[in-house]
Amino acid sequence: MASLLDCMLVILGLLLDYAVLFVAGLQCYDCHNVTDVNSCVQTVTCLPNQSCYMEARQQTLTQWTYSLSCQDNNHCGPMRSSRSNTGTSAGYLSKLLIRRDATTCNECCSKDYCNTNLCNHKSPSTCADDQSMDCARMNSIFSVCTDVHKAKLVCPKFCNLCNIVDGNWNVWSSWSVCDVTCGTGTQTRHRTCTNPAPENGGLNCVGEALDIKTCILDRCPVHGGWSQWSPWGSCSATCDVGMQRRDRSCSNPYPSLGGDHCFGDSRDDMICYMPGCTNGKWSSWQPWSSCSATCFGGHRNRYRVCSNPYPSLLGHYCEGSNQEMDFCNLISCGVCCC
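Residues numbered from 1 in each chain as written. Predicted model: local features only at pLDDT ≥ 70, side-chain atom pairs only at ≥ 80, totals over all residues. Heavy atoms only, no water.

**Points about the overall build of the protein**
Alright, step 1. Helix and strand counts for the protein stand at four helices and twelve strands.
Alright, step 2. Per-residue burial for the protein yields a buried fraction of 30% across its 338 residues.
Alright, step 3. Here the analysis covers contacts within the protein between residues at least 6 apart in sequence; of these, 62% occur between residues at least 24 apart.
Alright, step 4. As presented, the protein carries roughly 21,700 Å² of accessible surface, and 53% of it is formed by carbon and sulfur atoms. (Helix = DSSP H or I, 4+ residues; strand = E, 2+ residues; numbered from the N terminus. Buried < 20%, exposed > 50% of the residue type's maximum accessible area, 1.4 Å probe, protein only. Contact = heavy atoms within 4.5 Å. Areas by Shrake-Rupley, 256 points an atom, 1.4 Å probe, with all protein chains shown as cover.)

**A look at the state of the cysteines**
Alright, step 1. Following the criterion strictly, the structure yields 17 disulfides and no others.
Alright, step 2. The disulfide bridge from Cys-46 ends at Cys-70, spanning 1.9 Å between sulfur atoms. The sign of the S-S torsion, about -80°, decides the handedness of the disulfide formed by Cys-46 and Cys-70: left-handed. Linking Cys-46 in the loop between β3 (43–45) and β4 (50–58) with Cys-70 in strand β5 (residues 64–72), this pair joins segments that are 24 residues apart in sequence. (Disulfide = S-S within 2.5 Å.)

**Section: the pattern of salt bridges**
Alright, step 1. Evaluation of the coordinates by the stated rule reveals nine salt bridges.
Alright, step 2. Among the ionic pairs, Lys-152 bridges to Asp-166, the shortest N-O distance being 2.5 Å. Of the two residues, Lys-152 is situated in helix α4 (residues 148–154) and Asp-166 in the loop between α4 and β7 (184–190); the sequence distance between them amounts to 14 residues.
Alright, step 3. Arg-245 serves as the salt-bridge partner of Asp-247, at 2.5 Å between the closest nitrogen and oxygen.
Alright, step 4. Note on Arg-245: relative accessible area 35%, which makes it partly exposed. (Salt bridge = Lys/Arg side-chain N within 4 Å of Asp/Glu carboxyl O.)

**Digging into the side chain of Asn-301**
Alright, step 1. Locating Asn-301 in the fold gives a position in strand β11 (residues 298–303).
Alright, step 2. On the accessibility criterion, Asn-301 (15% relative accessible area) is buried.
Alright, step 3. Within the structure, the side chain of Asn-301 is placed 3.5 Å from the side chain of Gln-323, a separation counted as a polar contact.
Alright, step 4. Ignoring sequence-local partners within four residues, the contact set of Asn-301 consists of Pro-287, Trp-288, Ser-289, Gln-323, Glu-324 and Met-325. (Polar contact = N/O pair within 3.5 Å; in protein donor to acceptor, adjacent residues only side chain to side chain.)

**Digging into the nonpolar core**
Alright, step 1. Judged by nonpolar contacts, the single largest core of 18 residues is most densely connected at Cys-28, Cys-52, Met-54, Tyr-66 and Leu-68.
Alright, step 2. Going through the elements one at a time, β2 (31–34), β4, β5 and β6 (104–109) are the ones with two or more residues in this core.
Alright, step 3. Ignoring sequence-local partners within four residues, the contact set of Tyr-66 consists of Cys-31, His-32, Asn-33, Val-34, Thr-35, Val-37, Met-54, Glu-55 and Ala-56.
Alright, step 4. With eleven residues, the next largest nonpolar core counts Met-133, Cys-145, Cys-155 and Ile-164 among its residues. (Core = buried A, V, L, I, M, F, W, Y, C linked by side-chain atoms within 4.5 Å.)

**Observations concerning the sheet that holds β5**
Alright, step 1. What the four strands build is an open sheet, ordered β2-β5-β4-β6; its pairing is antiparallel. Looking at which strands have only one partner, the edges of the open sheet turn out to be β2 and β6. Strand-to-strand twist of the sheet, defined as the mean angle between neighbouring strand axes without regard to direction, takes the value 20°. (Pairing = 2+ DSSP bridges. Axes fitted to C-alpha atoms, helices over the stretch in contact; angles between N-to-C directions.)

**Some points on the packing of aromatic side chains**
Remark: the centre distance and the inter-plane angle together describe each pair of aromatic rings, the angle taken between the planes.
Alright, step 1. With the rule as written, the count across this model stands at two aromatic pairs.
Alright, step 2. Taken together, a centroid distance of 6.2 Å and an interplanar angle of 85° make the contact between Trp-282 and Tyr-317 edge-to-face. Highlighted residues: Trp-282 in the loop between β10 (267–273) and β11 and Tyr-317 in the loop between β11 and β12 (323–328), separated in sequence by 35 residues.
Alright, step 3. You can call Trp-282 buried: its relative accessible area is 17%.
Alright, step 4. Residue class for Tyr-317 comes out exposed when judged on its relative accessible area of 56%.
Alright, step 5. Directly above the aromatic system of Trp-175 lies the positively charged group of Lys-213, at a separation of 4.4 Å from the ring centroid.
Alright, step 6. It is Arg-248 that lies over the ring of Trp-226; its NZ or CZ is 4.1 Å from the centre. (Phe/Tyr/Trp six-rings, centres within 6.5 Å; stacked < 30°, edge-to-face > 60°. Lys NZ or Arg CZ within 6 Å of the ring centre and 35° of its normal.)

**Side note on a nonpolar patch on the surface**
Alright, step 1. There is a patch of nonpolar side chains on the surface, built from Val-241, Met-243, Ile-271, Tyr-273, Leu-313 and Leu-314 and spanning about 590 Å² of accessible area.
Alright, step 2. Listing elements by their share of the nonpolar patch, those giving two or more residues are β9 (241–247) and β10.
Alright, step 3. Examined against the element boundaries, Leu-314 turns out to sit in the loop between β11 and β12.
Alright, step 4. With relative accessibility at 32%, the residue Leu-314 sits in the partly exposed group. (Patch = residues over 30% accessible without salt bridge, like charges linked within 9 Å, V, L, I, M, F, W, Y side chains within 5 Å.)

**Focus: the confidence of the model for the protein**
Alright, step 1. Chain-level pLDDT for the protein is 82 on average; 82% of the residues reach the 70-or-more range.
Alright, step 2. Here residues 16–22 scores under 50 on pLDDT; set against residues more than four positions off or in separate chains, the count is seven contacts.
Alright, step 3. Overall, residues 79–102 carries pLDDT values under 50, and its contacts beyond four positions in sequence, including any with other chains, amount to 66 contacts. (pLDDT = per-residue confidence, 0-100.)

**Brief notes about the side chain of Asp-166**
Alright, step 1. Note on Asp-166: relative accessible area 15%, which makes it buried.
Alright, step 2. A distance of 2.5 Å separates a polar atom in the side chain of Asp-166 from a polar atom in the side chain of Lys-152.
Alright, step 3. Only 2.8 Å separates the side chain of Asp-166 from the backbone nitrogen of Leu-203, close enough to count as a polar contact.

Shown next as structure tokens:
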């Protein structure tokens, strides 16, 4: 019974501590989408049921934007819950409500002009509890130490969490060379979660280990390419043998920006065969040769030539034989008497 009474007295004390602030209304910084919270000088008076808050959003690997103003107490809870039963303790526990693996941070606080110091939980050089927190009292009421990764931000010594080390990024490596020699390509750089590396259950680094950017070099040379061959042209001769040609151009594409011209010939030639210009015809027969015998029969020959006219290169040769034979001197030879 005494334990229950002590607990109720503690809660009542908390409520009395902040009653004046809730009635009078907090003074908070009021800026939106700024990149430097220290540049925010505009202020606003909150309603009695509101607290100061900061919302941080990661825009790039290295840039964040911040919005500061007043916010209803029932929104000052884990994951920005809108349930009213989270509002009672949200102002006091606000510094515990941050998720390392997210690219946004939403935190509340319940003192005048306190919202420029939110969303910033760098590990201290020595293990010490936040002096603005009564860690023993907080743990007895809200069991702060059961959520390790939140408790280590405000009550690491009390909760015996000093050996937990969250990872932090090392410096970026140099940019790689562009992955192309001309035109548009990419460059990369790397970093490692080793400054320090996470230890004893600490969280890994937030963000990307690889960064990529576009690199633009001189325009690439355009090497020439052949067009299709044109159709074959007409034969250069109407009979016998001639030549045909076809052409192509180095225009698919044209070479430019120091590109190579097309290799090979722009002209192609071939022999074409047409009908013969002239067919051969026989000349007249030459005279008969002398007979091969003077009696008992012999033979004689006569010739002709395919030259009236000669056949052209593809003209037809004369038909028939160029030689004719005949028998001659068929008479009997005379007989001498003894």
